[in-house]
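# Descriptive analysis of the structure
So the chains spell out like this:
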Amino acid sequence: MNSDKIKIKAEYLTKKFELLPAKNTKNKARSLVSSSNKEDQDFWALRNISFEIRNGECVGVIGLNGAGKSTLSNIISGQISQTTGQVEINGDVSIIAANAGMQGNLSGRENIRLKALMVGMSNKEIDNKMDDIIEFSELGPFIDQPVKTYSSGMKAKLGFSIMVHQDPDIMIVDEGLSVGDKTFVDKSRKRMFEFRDQGKTILLVSHDMRTIKEWCDRVIWLNYGEVKAYGTPEEILPEYNKFANWFKKLSRKEQKIYKDKQRQKQMDYSVNQLKKDVLSEDPNMSEAEKQEVTQNLKKNKDSHKLSLLSKVVVWFCLLGFIWTGLVSISDTRLIESIKHPGEFLTERLFKEKKSSEIKSSDVIEIKGSPVAIIDFADKKPQHTELAMKNGDQSNETIQQLVDGADQ
Ligand SMILES: Nc1ncnc2c1ncn2[C@@H]1O[C@H](COP(=O)(O)OP(=O)(O)OP(=O)(O)O)[C@@H](O)[C@H]1O
């Protein structure tokens, strides 16, 4: 096994969330009017994250609440996309975050099948492993209950059981074990050690420094979306403990001031700032390298924002809907209104036809039938001579229609 092979490589990763607006219909409609809503507040949960994880390494991710650990593990496991930067996953790997991607409305058994199918297992393979997975999960009869009814510990047990039976090359465990009971945790730890001994790569997100120290070869310390330090547990953990103790000793007010200041930095961040940071890291960068960096820093599209094309389509449909509505309350046919929109809007819309105003070119509707006026002796006709525009009806029929309408 080549222990130098890079399994995960992250470069210039950022993740921006928009605190407002929430992803709802009202805000989608607002985004139709403006491409950048001034009320949106950008929040950079991750800023300029770069690291490499090699074959067979177990890497811990630590940091205070809200530091960006889960955001990072979700990007690496492909559950959310980054705003800028690249994530390279090498080799034929399966990445499963222990308690992520579970469908609440499906039962535990159905989730096992779903997650296994998603990583390319065949139905036969799943059938062969199903009993083992259920037994390992210790869920017993609850395996056929909807996952939304599970406690967080039960979800973690199910997620972990699925993960270890998929035998992935890279495992991401995001607090998956901390919520389980002791027997389950011990059993899982044993299984994780077996994985590590087989040279699999593990990314472990945890607040439990004992586990991090026991398991990890290296540790990434995230602080308010930035990598504060990356090194061995011996290097990082004493520094992190020092920081955690310093933070704990601050008064509530001082803690709040510190947090607010850090969060403000996360709000004020921008891709331009990132570019400056990256370029200043290496002042001797060649033009080609600078171009590559700029390319890497290009933003991915925010999935919840409508593209220009979508906006055009939505506007088109909206206008079509309004136009059809206007046509239906006027006495004009749709095709005519489209052919002569100016005339339709200025002269025909909302205008009641008086007989004196009817011109020889007009089309009127009598008893639901379109009728063309073909001849008037003067502006106020003495007698009406009509013919059907597309006329398959005789003048006699038309006269009957007119007579009927006049009554
Ligand atoms: N969908 C989202 N929209 C807006 N902000 C988000 C979203 N997801 C996460 N965040 C914010 O990003 C920051 C990082 O969150 P994340 O869950 O990655 O932190 P964490 O380090 O895993 O925290 P914890 O230790 O509490 O699990 C937090 O401030 C969080 O509020």
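Residues numbered from 1 in each chain as written. Predicted model: local features only at pLDDT ≥ 70, side-chain atom pairs only at ≥ 80, totals over all residues. Heavy atoms only, no water.

### Let's talk about the overall build of the protein
Formally: Strands are runs of DSSP state E lasting at least 2 residues, helices are runs of H or I lasting at least 4, and numbering of each runs from the N terminus. The buried label goes to any residue with under 20% of its type's maximum accessible area, the exposed label to any with over 50%, and the partly exposed label to all in between, with areas taken from a 1.4 Å probe on protein chains only. Whether two residues touch is decided by their heavy atoms; if any such pair falls within 4.5 Å, the residues are in contact.
A count of helical and extended segments in the protein gives 15 helices and twelve strands. Split into buried and exposed, the 407 residues of the protein put 40% on the buried side. Partitioning the intrachain contacts of the protein with sequence separation of at least 6 by distance along the chain shows that 65% fall at a separation of at least 24.

### A look at the nonpolar core
Among soluble globular proteins, nonpolar side chains are generally buried collectively. Threshold: Among buried residues, those of type Ala, Val, Leu, Ile, Met, Phe, Trp, Tyr and Cys that are joined through side-chain atoms within 4.5 Å constitute a nonpolar core.
With 28 residues, the main nonpolar core has Ile62, Phe160, Met171, Met192, Ile212 and Cys216 as its most contacted residues. For this core, the secondary-structure elements that each account for two or more residues are strand E3 (58-62), helix H5 (152-166), strand E6 (170-174), helix H6 (182-197), strand E7 (201-205), helix H7 (209-215), strand E8 (218-223) and helix H8 (233-249). For this core, the element with the highest residue contribution is H8, accounting for five residues. Once you skip the residues sitting within four places of it in the chain, methionine 192 turns out to touch Phe160, Met171, Val173, Ile202 and Trp215. Formed by 19 residues, the second largest nonpolar core is a distinct cluster that contains Ala67, Ile75, Ile170 and Ile220.

### Thoughts on the side chain of glutamine 255
Within the element layout of this structure, glutamine 255 appears in helix H9 (residues 252-268). Ignoring any residue separated from it by four or fewer positions in sequence, one finds glutamine 255 in contact with Phe247, Lys248 and Leu250.

### Examining the packing of aromatic side chains
Using the following cut-off: Pairing of aromatic side chains here covers Phe, Tyr and the six-membered ring of Trp, requires ring centres within 6.5 Å, and sorts the geometry by plane angle: under 30 degrees stacked, over 60 edge-to-face, intermediate tilted. A ring is scored as having a charge over it whenever the NZ atom of a lysine or the CZ atom of an arginine sits within 6 Å of its centre and within 35 degrees of its normal.
Considering all chains together, one arrives at 14 aromatic pairs under this definition. On the basis of an interplanar angle of 70° and a centroid distance of 5.6 Å, the ring pair of tryptophan 44 and tyrosine 269 is categorised as edge-to-face. On the criterion of sequence distance, the pair formed by tryptophan 44 in strand E2 (residues 42-54) and tyrosine 269 in the loop between H9 and helix H10 (271-281) is long-range, its members being 225 residues apart. Tyrosine 269 shares its class with tryptophan 44; the two are buried. Of note, arginine 47 hangs over the ring of tyrosine 269, and the distance from its end group to the ring centre comes to 5.6 Å. The ring of phenylalanine 136 has lysine 187 sitting right over it, with the charged end atom 4.3 Å from the ring centre.

### Examining the confidence of the model for the protein
Stated formally: The pLDDT value tells you how sure the predictor is about a given residue, anywhere from 0 up to 100.
The pLDDT averaged across the protein works out to 80; a share of 74% of its residues lies at or above 70. Confidence, read as mean pLDDT per element, is least for strand E12 (residues 385-388) in the protein (45) and greatest for E8 (97). Low pLDDT (under 50) marks residues 375-392, which in the prediction has 31 contacts with non-local residues, meaning those over four places away or in another chain.

### Quick look at unusual backbone geometry
With glycine set apart, most residues show a phi of negative sign, and most peptide bonds adopt trans. The residue asparagine 48 is not glycine, and still its phi comes out positive at about 50°. Following the sequence through the fold, asparagine 48 ends up in strand E2. For glutamate 138, which is not a glycine, the phi torsion comes out positive at approximately 60°.

### Section: the site of the ligand
Convention followed: When we say a residue is near a molecule or strand, we mean one of its heavy atoms is within 4 Å of it. Polar contact is the term for a pair of N or O atoms within 3.5 Å; when the atoms are in protein, one must be able to donate a hydrogen and the other to accept it, and sequence-neighboring residues count only if both atoms are side-chain atoms. Accessible surface is estimated by sampling points in the Shrake-Rupley manner with a 1.4 Å probe; for residues, cover comes only from the protein chains shown. Under the convention adopted here, Pro, Cys and the residues Ala, Val, Leu, Ile, Met, Phe, Trp and Tyr are nonpolar, Asp, Glu, Lys and Arg are charged, and Gly plus all remaining residues are polar.
Of all residues adjacent to the ligand, which total 13 residues, the nearest are Asn65, Gly66, Lys69, Thr71 and His207. Between the ligand and the protein, one listed contact pairs an oxygen atom with a side-chain N or O atom of lysine 69 at 2.7 Å. One of the backbone nitrogen or oxygen atoms of serine 70 is found 2.9 Å away from an oxygen atom of the ligand. Burial of the ligand by the surrounding chains reaches 62%, relative to a free accessible area of 640 Å². When residues of the shell around the ligand are assigned to their parent elements, the largest contribution, three residues, is made by helix H2 (residues 69-76). Taken together, the residues of the shell around the ligand break down into six nonpolar, six polar and one charged.

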